[in-house]
Amino acid sequence: MSMLQGKKIVLGVTGCIAVYKAAELVRQLVKLGADVHIVMTESALQFMAPLTFQTLTGNPVITELFKLYEERTIGHITMAQRGDLLVVAPATANIIGKAANGIADDMLSTVLLATRRPVLFAPAMNEGMWDNPVTQRNVSSLKAIGRHFVDPGCGDLACGDHGMGRLADISDIVDEIEGMLSPTDFMGTTALVTAGPTQEFIDPVRFISNPSSGKMGYAIARALRHRGAEVVLVSGPTTLTAPRGVQVVQVLSAQEMAAAVDKHFPAADVIIKSAAVADYRPRVVAMHKVKKRDGTPTSLDLESTTDILADLGKKKGSRILVGFAAETQDMLANARVKLEQKNLDLIVANDVGGSESVFGSDMNKVTLLLPGGDCVDVPAMNKQDLAHRILDCVAGIRKKQGDIPDEPA
Ligand code: CTP
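Everything numeric in this text was worked out from a predicted model, so none of it was measured. Note on numbering: residues in each chain are counted from 1, in written sequence order. Since the coordinates come from a predicted model, pLDDT governs what is reported: local features require at least 70, and pairs of side-chain atoms require 80 or more to be given and counted, while whole-chain, interface and lining totals use all residues. Neither water nor hydrogens contribute to the side-chain values; these are computed over all heavy atoms in the structure.

Some points on helix H9 (residues 170-180)
Three exposure classes are used, based on accessible area relative to the maximum for each residue type with a 1.4 Å probe and protein chains only: buried under 20%, partly exposed in between, and exposed over 50%. Numbering goes from the N terminus for both helices and strands, where a helix is a DSSP run of H or I of at least four residues and a strand is a run of E of at least two. Of all 11 residues that make up H9, eight are buried, and the element is covered over most of its length. Buried residues of H9: Ile170, Ile173, Val174, Asp175, Glu176, Ile177, Glu178 and Met180, and no others. Here the buried face of H9 lies against strand S1 (8-13), helix H1 (19-31), strand S3 (85-91), strand S4 (119-123), strand S5 (148-149) and helix H10 (215-226). The contact criterion used throughout is that any non-hydrogen atoms of two residues lie within 4.5 Å.

Description of the packing of helix H11 (residues 254-264) against helix H12 (residues 308-315)
Axis separation between H11 and H12 bottoms out at 10 Å; the angle between their running directions is 25°. Classified by the angle their axes make, H11 and H12 are roughly parallel. The way H11 lies across H12 gives a crossing that is right-handed. On H12, the residues that touch Ala254, Met257, Ala258, Val261 and Asp262 of H11 are Ile308, Leu312 and Lys315. Charged means Asp, Glu, Lys or Arg here, nonpolar means Ala, Val, Leu, Ile, Met, Phe, Trp, Tyr, Cys or Pro, and polar covers whatever is left, Gly included. For the contact of H11 with H12, a count of residues per class yields six nonpolar, no polar and two charged. In this analysis an axis means a line fitted to C-alpha atoms, helices contributing only their contacting stretch, and an angle means the value between N-to-C directions, from 0 to 180 degrees. Should an angle fall under 35 degrees it is taken as roughly parallel, and over 145 as roughly antiparallel, whereas 65 to 115 is taken as roughly perpendicular and any remaining angle as oblique. When the near helix sits turned anticlockwise from the far one by under a right angle, the crossing is termed left-handed; a clockwise turn instead gives a right-handed crossing.

Some thoughts on the sheet that holds strand S11 (residues 230-235)
In any sheet, the strands associate via hydrogen bonds between backbone groups, in a parallel or an antiparallel arrangement. Strands sit in the order S12-S11-S8-S13-S16-S17-S18-S19 across an open sheet of eight strands; the sheet is mixed. The sheet is open, and its two borders are formed by strand S12 (247-250) and strand S19 (375-382), each paired with just one other strand. Recorded for the sheet is a direction-independent mean angle of 20° between the axes of neighbouring strands. A pair of strands is treated as paired once DSSP finds two or more bridges between them. With six bridges connecting them, strand S8 (residues 190-195) and S11 associate as parallel partners. Each bridged residue has a counterpart across the sheet, and for leucine 192 the counterpart in S11 is valine 232. Docked against the sheet, helix H14 (residues 383-401) engages strand S13 (270-273), strand S16 (320-327), strand S17 (346-351), strand S18 (363-369) and S19, running at close to 150° with respect to S19.

Some points on the sheet that holds strand S2 (residues 35-40)
Reading across from one edge, S2-S1-S3-S4-S5 is the order of the five strands in this open sheet, with parallel pairing throughout. Bordering the open sheet on either side are S2 and S5, each of which pairs with just one other strand. Where helix H6 (residues 107-114) meets the sheet, its contacts fall on S1, S2, S3 and S4, and the angle it forms with S3 comes to roughly 140°.

Comments concerning the nonpolar core
Ranked by internal contacts, the top residues of the largest apolar core, which has 36 residues, are Phe53, Ile173 and Ile177. Mapped onto this core, the elements with two or more residues apiece are S1, H1, S2, S3, S4 and H9. At six residues, the largest contribution of residues to this core is made by H1. Grouped together as the second largest cluster of nonpolar side chains are 35 residues, Phe186, Val193, Val322 and Val366 included. Among buried residues, the Ala, Val, Leu, Ile, Met, Phe, Trp, Tyr and Cys ones that are joined through side-chain atoms within 4.5 Å form a nonpolar core.

Here's the deal with the environment of arginine 225
With respect to the element layout, arginine 225 can be found in helix H10. Relative accessible area serves as the criterion here: at 29%, arginine 225 is assigned to the partly exposed category. Here the alpha-carbon distance between arginine 225 and leucine 321, two residues 96 residues apart in the chain, equals 18 Å. Dropping the residues within four chain positions of it, arginine 225 is found in contact with Glu230, Val231, Arg244, Gly245 and Val246.

A look at the pattern of salt bridges
When a carboxyl oxygen of Asp or Glu lies within 4 Å of a side-chain nitrogen of Lys or Arg, that pair is called a salt bridge. Here the structure, examined in full by the defined rule, presents 23 salt bridges. With its nearest N and O atoms 2.7 Å apart, the salt bridge here joins arginine 227 to aspartate 392. You can see arginine 227 sitting in the loop between H10 and S11 and its partner aspartate 392 sitting in helix H14, a full 165 residues away along the chain. A relative accessible area of 41% means that aspartate 392 is categorised as partly exposed. A salt bridge links arginine 281 to glutamate 303; its shortest N-O distance comes to 2.9 Å. Placement of arginine 281 in strand S14 (residues 280-282) and of glutamate 303 in strand S15 (residues 302-304) is noted, with a sequence separation of 22 residues between them. Through salt bridges with shared partners, a single network forms among Asp172, Asp175, Glu176, Glu178, Arg222 and Arg244.

Let's talk about the environment of threonine 190
Here threonine 190 is to be found in strand S8. Counting along the chain gives 102 residues from threonine 190 to valine 88, while the straight-line C-alpha distance between them is 31 Å. Aside from chain neighbours lying at most four places away, what touches threonine 190 is Glu230, Ala267, Ala268, Asp269 and Val270.

Right, dumping it as structure tokens:
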């Protein structure tokens, strides 16, 4: 279940050309299960009709402060306390200035002054306005009182300039919102995650690999970050975008992955090894492309790679070590052997042999196995939700070990 499921979000929309992007933001929030309530400023109304937002959210759009009937039922105080989160996107220099200086002269600025909920601003404006020390001072004073920001990006601006000031990507705004609505039970934790396949080269243009997409590991890294952890993600070659706020170390071979894991292992409290590491590599890598004219090779001389996880199991100390088991037969029995032999605290067993491949899919269905025989079947769900289920289990193990105090709300 998405972190946004059933959450009430009040979205303030202010007047600039990026208002049309707010419609896409709303669509994505609603798709993730949020109940979105829109407050539009007078100038936002110049750019888009409230009907667009009303249709997307299924809720009436609030536009004016002094409508007495509405004030009683959905007035500014109600709006201010209604949401789990208040987001202003796009946020003009004007609304940022008002919020920073306690000015409450319309519905949105009044809601911003009255709220006790977490607030996120996604600014959008001309580069000169963004760079202006007055705007920067306002942003700093809002950050100082705990307001969150998704800073604007660089690109072509509506005024014809090119520079900073463009509304951040909608996916980054949604990512920040998910983080703000996630539990903070991994705050103060350093986590090391591995993801994706490895490539073991035969010659400069050919390699042995597997179809792992890296989606599961990236989802875990993202969920850990949302839940407060500092995350290092050691990633084999994938086409995925690095999760925001995560340190990504790119590797190709099992040997490179082992070296990167070794480097980051000492500082890690939690290690989750979801990478599909090659078990064998060619004993000799040809320096030049092997040519057809030299005849068909009849065999490939292979040697074993390091079992990175098994090595970690020997020196893990009090760290939590989580492995994955990719199986095509006797899934539970094979996974339990790996759990014990690699000295793990948890193994996530995957059936990768079915007709619908887990590799590359956004969905997965797994069984979580713990030492001592406990096992939990997790039904099919998308990998981001599954990442949180795995982390719930890790949080439970840590609590049992007394590593962390009771989970903050
Ligand atoms: N693993 C690893 N290093 C390897 C091979 C696997 O760290 N050289 C880790 C994987 O990241 C995963 C776990 O070990 O977390 C199990 O990987 P899997 O491929 O399921 O099994 P193997 O241990 O390789 O055993 P087998 O191929 O016989 O199933």
